[in-house]
Amino acid sequence: PVYVDSKSKLTIKNAGIFLNYPIRCCGSLYMKNSKVICGHLEGCDMIYLESSKECYIESCEFDGMMRTGGLNIMGCKMVVTKSVFRNMNGGRAIYNAYFPEIRQCIFNFCQSGAVYSQGGNIEECVFVNCRAKSGAGVKMYGTKGIINRCSFKRCVSEYSGGAIDKGVGQRAERCLYEDCLPDNVV
């Protein structure tokens, strides 16, 4: 197992990683041009950010192999750009993010939902074939946030917001929806 304490920084660049144990980070995490694939993990998330200082992910790919979720965040500044999250199950691709910056990412076949966050900015992302009980693409709560210029295709939820389930303080602007059920944006 990999554990990063609060005074340390984990930097992963140009790497291919097969995870058999989740990465637990209380310090800083910086990832660029890397691919993370679920090895023998099952029923958990690939990376846990536990009161981390910061997390920057750029041009990375996360494949849960239909056995794991992606990133589980608790109290951490997070920026994710130009990355792909696919084949997630048992947890969202990005869970519990606090005002994240998520730009130009692809979420494909996230079977427990793609993004669950408190506010934040989600821009120019593509969500395809995501499933969840509510907010299959994005479930956002809190007082403010924006989902801007995103595309949602075949995102289906059981209860509300096939593409987006949001509160009163969040805005969804210039987004495209195709075959999302239920088709209402809450």
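See the structure printed just above.
Residues numbered from 1 in each chain as written. Predicted model: local features only at pLDDT ≥ 70, side-chain atom pairs only at ≥ 80, totals over all residues. Heavy atoms only, no water.

A. Representation of the environment of N148 in the model. Mapping N148 onto the fold places it in strand β19 (residues 138–148). Using a relative accessible area of 7% as the deciding quantity, one classes N148 as buried. With 25 residues separating them along the chain, N148 and E173 place their C-alpha atoms 4.9 Å apart. Within the structure, N148 has its side chain in polar contact with the side chain of R174 (distance 3.5 Å). (Helix = DSSP H or I, 4+ residues; strand = E, 2+ residues; numbered from the N terminus. Buried < 20%, exposed > 50% of the residue type's maximum accessible area, 1.4 Å probe, protein only. Polar contact = N/O pair within 3.5 Å; in protein donor to acceptor, adjacent residues only side chain to side chain.)

B. Highlighting the side chain of S134. Structurally, the position occupied by S134 is in strand β18 (residues 131–134). Residue S134 is classed as buried on the basis of its relative accessible area, which comes to 10%. One polar contact links S134 to K139, side chain to side chain, over a distance of 2.9 Å. In this structure the side chain of S134 is engaged in a polar contact, spanning 3.5 Å, whose partner is the side chain of D165.

C. Structural view of the environment of L181. Note on placement: L181 falls in the segment after β24 (176–178). Residue L181 is classed as exposed on the basis of its relative accessible area, which comes to 52%. Sequence separation between L181 and V126 is 55 residues; the distance between their C-alpha atoms is 16 Å. With residues up to four places along the chain from it excluded, the contact list for L181 reads C155, V156, S157 and G162. (Contact = heavy atoms within 4.5 Å.)

D. Quick look at the sheet that holds strand β6 (residues 35–38). Reading across the sheet, the eight strands line up as β3-β6-β9-β12-β15-β17-β20-β24 and stay open at both edges, with parallel pairing between neighbours. Taken across any chain shown, the strands that pair with only one partner, and hence form the sheet edges, are β3 (16–19) and β24. Each neighbouring strand pair of the sheet contributes to a mean axis angle of 10°, computed without reference to strand direction. Here three bridges tie strand β20 (residues 151–153) to β24, and the two strands are oriented parallel to one another. Paired with F152 across the two strands is Y177, which belongs to β24. (Pairing = 2+ DSSP bridges. Axes fitted to C-alpha atoms, helices over the stretch in contact; angles between N-to-C directions.)

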